[in-house]
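Breakdown of the fold
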Amino acid sequence: MSQNDDWELVARAQAGDTTAFTELVRRYQVPLVHFCQRMVGSLQDAEDLAQDAFVRLHRHLNRLRPDARFSTVLFGIARNLTLNHLRDSRRRGRHQALPLDEQVRAPGGDNPGHRARLEEIETLLKAGLDSLSAEHREVLVLRELQGLDYESIAQVVRCRKGTVKSRIARAREQLRLRLLELGGQEL
Amino acid sequence: MKDRHVLDELSAYIDGEAKDADRITRHLQHCESCARHRIELLKLGAHLRALPQPEESAAFAARVMARIEAQQTARPFWQLNLLIPAFAGTAVLLLVTTLALYGLSLTASSPPMQIAQPRNTWVDEEVVVSELAALINSGADVSMVEEPVLAAEDPLAPDPEAPVTMDEMLTVMAAAAPELAPAEPEFGEEDLEEMISTLASDEVGTLEELLVEYMHEG
Ligand SMILES: [Zn+2]
């Protein structure tokens, strides 16, 4: 999907074409929900947050100008919502990570099956991501899962490109070490 | 040091964002430990990208569009009291406290004058109401200096046990701002609307957003 296409859809949506906006939602729902999911953990919460992001995008539709990549605008909104969500959950004491033993042992265990192995890796990665600070997790997720370049990530998280670079490096290193700690040597 | 290790640069290198990519490439050809580290980072990325993605569902887009439609057909937020009586007092209270507590500036005359300092402690609503009324009476262009964040810790956030009613709130406002109240016995919805119409449209937008958000949270 090209950026031009996105902005074309935005222009049509601005003119009141709801099918154009629906198309934008359709295009970005999976990456956006995925981003939110990796940020907040729960798929259910992630879907709510991604919906919020689209609703908010629509509310500001007429203010949007094609001077940035559309995806950075959208992820920027979602990013703010996920950070608010994390902050609020922490405040309410709701975001309590599972004890690590439980997280890591849950699926798989000694099961030698391939599927179980994948699940084990997934659980390890989730626990590892969860152990990162939000500011490290967000840049890593935007880079690895959304494939954004450093410039775009800098726009989403509103910091300098050099900061993105060092944060991603640090996030990778922390995650790598955390996975080793959690027993993922042969990842 | 011409050929130092490149561990610190490998992250940017694998992302295609390293400044000195040629030198790193050359180094990797003969340094086993850096080369091994690069492979580890690549594997880490591959594992992350292999995390299962959520599934696409038509229901998702439908829900988004339904929410958007619901908002568009909603009445202006200061009229919500007719639709949601229990929310009415809260709406006014939020409007008033938001304006007053997050720092108001008066731009009618230059230089901009700070009317109400942002407060650390929450004040009683009568003071807030009278400050707001004074501002509006002076013909001020009321603009918010700080981005308001209505957080859960807001002690004035409505207690679900004891909602402030519209009547209570209007009584407080009328008492604090008799100039705003019409000769008729009650300070009514139209006056409130007029009061709000003195705000710049983007401020109203911000308030509306806050209220909509608040409603979703509540
Ligand atoms: Zn080396």
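For the structure itself, consult the block above.
Residues numbered from 1 in each chain as written. Chains lettered and ligands numbered in written order. Predicted model: local features only at pLDDT ≥ 70, side-chain atom pairs only at ≥ 80, totals over all residues. Heavy atoms only, no water.

1. Considerations on unusual backbone geometry
Phi is positive for R158(A), which is not a glycine, with a value near 50°. Inspection of the secondary structure puts R158(A) in the loop between α8 (150-157) and α9 (161-181). (Helix = DSSP H or I, 4+ residues; strand = E, 2+ residues; numbered from the N terminus.)

2. Some details on the side chain of Q29(A)
Locating Q29(A) in the fold gives a position in helix α2 (residues 18-40). From its side chain, Q29(A) meets the backbone oxygen of S57(B) in a polar contact 3.4 Å long. Apart from residues lying up to four places away in sequence, Q29(A) is in contact with F54(A), E55(B), E56(B), S57(B), F60(B) and A61(B). (Polar contact = N/O pair within 3.5 Å; in protein donor to acceptor, adjacent residues only side chain to side chain. Contact = heavy atoms within 4.5 Å.)

3. Structural notes on the side chain of T72(A)
Residues and elements named next belong to chain A. Within the secondary structure, T72 sits in helix α4 (residues 70-91). The exposure class assigned to T72 is buried, which follows from its relative accessible area of 4%. A polar contact is formed between the side chain of T72 and the side chain of Q155, at a distance of 3.3 Å. If sequence neighbours within four positions are ignored, T72 has contacts with S152, Q155 and V156. (Buried < 20%, exposed > 50% of the residue type's maximum accessible area, 1.4 Å probe, protein only.)

4. Side note on the interface of chain A and chain B
Between chain A and chain B, the residue contacts involve 46 residues of the former and 39 residues of the latter. For the pair chain A and chain B, the summed buried area comes to about 4000 Å², and 59% of that belongs to carbon and sulfur atoms. When the area that chain A buries against chain B is broken down by residue, the three leading residues are Q51(A), E144(A) and R172(A), summing to 15%. Put simply, chain A and chain B have seven salt bridges between them. Close ionic contact of D52(A) with R67(B) constitutes a salt bridge, the shortest N to O distance being 2.7 Å. Linking chain A to chain B there are 14 residue pairs in polar contact (both at pLDDT 80 or more). Looking at the side of chain A that touches chain B, the elements that each hand over two or more residues are α2, α3 (43-59), α4, α6 (114-131), α7 (134-144) and α9 of chain A. (Buried area = accessible area lost by both parts, 1.4 Å probe. Salt bridge = Lys/Arg side-chain N within 4 Å of Asp/Glu carboxyl O.)

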